[in-house]
Every structure is written in structure tokens, then in C-alpha cells.
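Fold and contact review
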Amino acid sequence: MTNTLVVEKEKVKAPLQLHILGDKVLRQNAKRIAKIDESVKELAVKMLQTMYAENGIGLAAPQVGVNKQMIVVDLQPDNENYPPLVMINPVIKKYSKEVCVLEEGCLSIPNVFLDVTRPSKIEVEFKNLSGKKQRIKASGWMARVIQHEMDHLTGILFVDRIKNNLALTQELTKQGLNVNAVRSIS
């Protein structure tokens, strides 16, 4: 089993259902994956298919109701030559002191886009689908997407990090989402 999954990047019907802000499953701590078997590989494929179907660039298992520490990332979903990244039990080992503010969105919080401050560089350790430990340095969008998806593994949503409460309330209300589902950590 290799780390590179062969997943068609076309927009098929999402095989998994996305959970939306307010759903309790999004607030749980995900459990470590003890054994990487066929069911884990199958979950990774379905998560990628769901992410592509929903036009995302990252997805965490809790977003599809699976309480496991797995995220998938693909910054080039339209490029068949750019393989997606599957991270099992990821742990950030280093954060840069340098931060940057960029607009984020989330498949679990549809049509809401707000500025979030995050470290601009990280070093993350994880297992690939072969069970091999990997360590990568990420910066820019890759660092941001990994941090965003890893937040999901501890029940944190990007809206919890928003410092501008007025903008947050306006955006959530405009989309008919529950403002009281936000758990501010700023």
C-alpha cells in the first residue's frame, strides 16, 4: 500500500455526508487510529471524493461524522498530476513565531469566509497510509489548511478563532447558521 491514492478528482456525488456547524460530532476529540487497514484506506478515498464533490481543499474525518484522527488535503484539486495528502494521527511539532492573516472558509460552515490569524509555517508529523511515519515542513496555504483541518480533530472550528465578533455574527446570521454554536477561543 502506497501513500499515493488513486482517486479521480472529478466531481461525483459525495459518498459521505458533511456535518454542519451546530452538530455535536464537530465538537468531539477525534480518536487516534491504532491500525491502518483497508477500512482506513477506504475512508481516505471516500473523504477525498467528498472533498472534491464539495469543492474543498481539505477535510477532516469529524466533518463526515467519523471520530478518527485523519485529514486529507489537496491544494490543487483540478490537477490530476498533484497527489492528495492523507495524514493519519497528525501532530504539529513546530510552529513559526511569524503569523499571517488570511481568509478561511469551511465545508462545515457553508458560504462563510472570515479572516483568521495562524502561524505561517509549521512542521507536522503523521503516518501515511502505509503506516510509515512522515515529517513535513509546510508554509503558506499548506500550513494554513493543515492547521485548519487539525483543529477539527480537537473540536475547534475556524469561527472559534474569529476576533471580529460583529463580522462573525453578520456572516453566520446571513447564512442561517447558529451564532450560539461558536465557542470563542480568542
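Reading the values: the criteria
- Each chain has its residues counted from 1, following the order in which its sequence is written.
- Confidence filtering applies because this is a predicted model: local features only for residues at pLDDT of at least 70, side-chain atom pairs given and counted only at 80 or more, and all residues used for totals across whole chains, interfaces and linings.
- Hydrogen atoms and water are omitted, and side-chain values are computed over all heavy atoms in the structure.
- Secondary structure follows DSSP: runs of H or I at least 4 residues long count as helices, runs of E at least 2 residues long count as strands, and numbering of each begins at the N terminus.
- Between buried and exposed lies partly exposed: a residue is buried under 20% and exposed over 50% of the maximum accessible area for its type, with that area taken using a 1.4 Å probe on protein chains only.
- Pairing between two strands is assigned when DSSP locates at least 2 bridges connecting them.
- UniProt positions are given in the numbering used here, feature names are shortened, and annotations may be inferred rather than shown by experiment.
- We call two residues in contact when some of their heavy atoms are within 4.5 Å.
- Expected span, for any helix, means 1.5 Å times one less than how many residues it has.
- Residues adjacent in sequence count toward polar contacts only when both atoms are side-chain atoms; beyond that, a polar contact is any pair of N or O atoms within 3.5 Å, and within protein one must be able to donate a hydrogen and the other to accept it.

Moving on to unusual backbone geometry. Of note, the phi angle at asparagine 55 is positive, near 60 degrees, even though the residue is not glycine. Checked against the element boundaries, asparagine 55 lands in the loop between α1 (38-53) and β1 (58-60). For asparagine 55, a relative accessible area of 60% puts it in the exposed group. In the Ramachandran plot, asparagine 111 falls in the positive-phi region, its phi being about 65 degrees despite a non-glycine side chain. Residue position: asparagine 111 is located in strand β5 (residues 109-119).

Further remarks concern the pairing of strand β6 (residues 121-127). The buried fraction of β6 amounts to five of the seven residues, a majority that puts the element mostly inside the structure. Direction of pairing for strand β3 (residues 85-95) relative to β6: antiparallel, over a ladder of five bridges. The residue bridging lysine 94 from the neighbouring strand is glutamate 123, located in β6. Counting the residues that bridge the hairpin from β6 to strand β7 (residues 133-139) gives five residues, and of these glycine 131 lies at a positive phi of roughly 85 degrees.

UniProt's feature table lists "active site" (unreviewed entry) at Glu149, given in the numbering used throughout. Note that glutamate 149 resides in helix α2 (residues 140-152).

Here we take up the UniProt feature "binding site: Fe cation" (unreviewed entry) in the protein. Under the feature "binding site: Fe cation" (unreviewed entry), the UniProt entry names Cys106, His148 and His152. Their sequence span is 47 residues, while the largest C-alpha to C-alpha distance among them is just 10.4 Å; these annotated residues converge on one region. Structurally, the position occupied by histidine 148 is in helix α2. According to the relative accessible area criterion, histidine 152 is buried, its value standing at 1%. Those residues in contact with histidine 152 that sit more than four places away from it in its chain are Leu26, Gln28, Ala60, Pro62, Gln63, Cys106 and Leu157.

Okay, α2 next. For α2, with 13 residues, the first-to-last C-alpha span of 19 Å sits near the 18 Å given by 1.5 Å per residue. Listing the buried residues of α2 in full gives Met142, Ala143, Arg144, Val145, Ile146, Gln147, His148, Glu149, Met150, Asp151 and His152.

Quick look at the side chain of serine 96 now. As for its placement among the helices and strands, serine 96 is situated in the loop between β3 and β4 (99-106). Among the polar contacts listed, one links the side chain of serine 96 to the backbone oxygen of glutamate 98, at a separation of 2.8 Å. Within polar-contact distance, the side chain of serine 96 engages the backbone nitrogen of serine 120 at 3.3 Å. With near-sequence residues (within four places) excluded, serine 96 lies in contact with Pro119, Ser120 and Lys121.

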